[in-house]
Amino acid sequence: MANNELRITMLGPRGVGKTTLLASMYSEFDNMVKNINLTLTPSQATSSSLQQRLAELKSQTEIFSATGGIDGTNTPKNFDFELGMIGKKPELKLIFNDFPGGYIHDNPAQVQKYIDESDVIMLVIDTPAVMEEKGIWHERINAPQTITDLFKRVTQNLTKTKLILLVPVKCESYLQTDREAREMLTRLKNSYDTLLNLLKSDHLLNQIAVAFTPVQTLGVVRFARIEMMSQGEPRFFFRKISPNAVYDPQDVDQILRYTLGFSIKKYLDDMPTLTKWFKSIFNMTKPFEDAIRKLAGGERKETKGGFEILQGHDLLNIKH
């Protein structure tokens, strides 16, 4: 790991909403840390991309569509942020690596390099593809077997502990009641059972933390219908809960809370003999370290609303 860097690899199909997820996270960050004195600053390229996406999100019509599908033609890109105290020089860089699903087949060595270098892997899931029409579009859109095969290769030479966040998005329709949230979580577990069984094997159980962290990136929409396009591809339509409903994302803070909590546990708590080395590498000031701990230790929805930590409680500093 390079000086002052935390790398997060994002996996998921084209059109699943990874940029939307990051845009929502960034837009809500100031509310998340208003009493902590932290600020998150995107690079110029990241800011431009996220601002464009935010403008689109806030101007959605009452009925709109979203598409999915693995795409192998796009190129990888990074979303870079700097984290630090307000009015001070940033102390930590967060790099979100994004690449098209086709890279898993076409450039497996590069994908494995991304994951090897990352402490956190976010598997972003198109939830309606799992929940609607008995999940017939799940394999085509989310490609769970492709993802599982990737992790089979990655875990053959695992060099350090990791956090895997399974992040259902476009899930507003399935989180309206506790019963619906539990049903969604059950369906998701069943849909990814091969992957989850791999990750909880004896060899990996203590090296990989796994959690479901659903995120409502728009907050005010519900699934409407699926229409088939002329090319045989499904198009998923969503509607606002009212024509004048205002963009209101929910639970986007959980991504950073889990990510930073895992990192603090891993580098500052689990390896006390290396604490001095860690601090020399990251060069954290005491106020910044305290602020990060406070952010990471904030409210985490660990057992409600479709959230669940499946394994690695110790790696996440969870008392159980």
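### Notes on the overall build of the protein chain
At step 1: In terms of helices and strands, the protein chain carries 12 helices and 11 strands.
At step 2: Put simply, of all contacts in the protein chain between residues at least 6 apart along the chain, 80% involve residues at least 24 apart.
At step 3: Within the structure as shown, the protein chain displays about 14,500 Å² of accessible surface, and the carbon and sulfur contribution to it stands at 46%.

### Here we look at the pattern of salt bridges
It is possible for side chains bearing opposite charge to pair when their charged atoms get close.
At step 1: Enumeration over the complete set of coordinates arrives at 14 salt bridges.
At step 2: Across the pair Glu117 and Lys113 runs a salt bridge, and its minimum N-O distance is 2.6 Å. Residue Glu117 and its partner Lys113 are located together in helix H4 (residues 108–117), separated by 4 residues, close to a single helical turn.
At step 3: Relative accessible area serves as the criterion here: at 43%, Lys113 is assigned to the partly exposed category.
At step 4: Across the pair Arg140 and Glu233 runs a salt bridge whose closest N-O atoms are separated by 2.7 Å. In this pair, Arg140 sits in helix H6 (residues 138–142) while Glu233 sits in the loop between strand S9 (221–228) and strand S10 (234–240), placing the two residues 93 residues apart along the sequence.

### With respect to the packing of aromatic side chains
At step 1: In the structure shown here, the tally under the stated rule is 6 aromatic pairs.
At step 2: Every member of this aromatic cluster is reached through a ring pair, and the members are Phe64, Phe223, Phe236 and Phe238.
At step 3: Here the guanidinium or amino end of Arg225 rests over the ring plane of Phe237, the centre of that ring lying 4.4 Å away.

### Looking at the sheet that holds strand S5 (residues 92–98)
At step 1: Read across the sheet, 8 strands follow the order S2-S4-S5-S1-S6-S7-S8-S11 without closing on themselves; strand pairing throughout is mixed. Of all strands in the sheet, those with a lone pairing partner are strand S2 (38–42) and strand S11 (308–311), marking the two edges. The average undirected angle you get between the axes of adjacent strands in this sheet is 20°.
At step 2: In this fold helix H1 (residues 18–32) packs onto strand S1 (5–11), S2, strand S4 (77–85), S5, strand S6 (120–126) and strand S7 (162–169), with an angle of close to 15° to the strand it touches most, S4.
At step 3: The strands touched by helix H12 (residues 286–296) are S2, S4 and S5; relative to S4, the strand with the most contacts, the crossing angle is about 115°.

### Regarding the nonpolar core
At step 1: In terms of nonpolar packing, the biggest core is built from 96 residues, with Leu38, Phe96 and Met122 touching the most fellow members.
At step 2: Other than its neighbours up to four places away in sequence, Met122 contacts Ile8, Thr9, Met10, Leu11, Leu21, Phe96, Leu165, Val167 and Ile255.

### A look at the pairing of strand S8 (residues 208–212)
At step 1: Of all 5 residues making up S8, 5 are buried, and the element is well covered by its neighbours.
At step 2: Note that S7 and S8 share 5 bridges and pair parallel. Across the sheet, residue Ile164 finds its bridge partner in S8, namely Val210.
At step 3: One ladder, built from 3 bridges, connects S8 with S11; its direction is antiparallel. Residue pairing in the sheet places Phe212 in a bridge with Glu308 of S11.

### Let's talk about the packing of H4 against helix H7 (residues 144–154)
Helix packing for two helices is described by the angle between their axes and how far apart those axes are.
At step 1: Interaxial distance between H4 and H7 falls to 10 Å at its minimum, and their mutual angle equals 70°. Of the possible angle classes, the one that applies to H4 and H7 is roughly perpendicular. At the point where H4 passes H7, the crossing takes the right-handed sense. Every residue of H7 that contacts H4 at Pro108, Val111, Gln112, Ile115 and Asp116 is listed here: Leu150, Arg153 and Val154.

### Details of helix H2 (residues 44–58)
At step 1: Taking 1.5 Å as the rise per residue, H2 with 15 residues should run 21 Å; its terminal C-alpha atoms sit 21 Å apart, in good agreement.
At step 2: Three or more residues of H2 are buried, namely Thr46, Leu50, Leu54 and Leu57. Down the axis, H2 shows its buried residues gathered within 60° of arc, on one side only. Exposed residues lying more than 90 degrees from the buried face of H2 are Gln44, Ala45 and Gln52.
At step 3: Buried-residue contacts for H2 involve H1, S2 and S4.

### A short note on H4
At step 1: Where H4 is concerned, the buried positions are Val111, Tyr114 and Ile115. Along the axis of H4, the buried residues cluster in a sector spanning 95°; they form a single face.
At step 2: Looking at the buried positions of H4, the neighbouring elements they touch are S1, S5, helix H3 (103–106), S6, H7 and S7.

What counts, and where the lines are drawn
Residues numbered from 1 in each chain as written. Predicted model: local features only at pLDDT ≥ 70, side-chain atom pairs only at ≥ 80, totals over all residues. Heavy atoms only, no water. Helix = DSSP H or I, 4+ residues; strand = E, 2+ residues; numbered from the N terminus. Contact = heavy atoms within 4.5 Å. Areas by Shrake-Rupley, 256 points an atom, 1.4 Å probe, with all protein chains shown as cover. Salt bridge = Lys/Arg side-chain N within 4 Å of Asp/Glu carboxyl O. Buried < 20%, exposed > 50% of the residue type's maximum accessible area, 1.4 Å probe, protein only. Phe/Tyr/Trp six-rings, centres within 6.5 Å; stacked < 30°, edge-to-face > 60°. Lys NZ or Arg CZ within 6 Å of the ring centre and 35° of its normal. Pairing = 2+ DSSP bridges. Axes fitted to C-alpha atoms, helices over the stretch in contact; angles between N-to-C directions. Core = buried A, V, L, I, M, F, W, Y, C linked by side-chain atoms within 4.5 Å. Parallel < 35°, antiparallel > 145°, perpendicular 65-115°, else oblique. Left-handed = near helix turned anticlockwise from the far one by under 90°. Expected span 1.5 Å × (residues − 1). Arc of directions from axis to C-beta.

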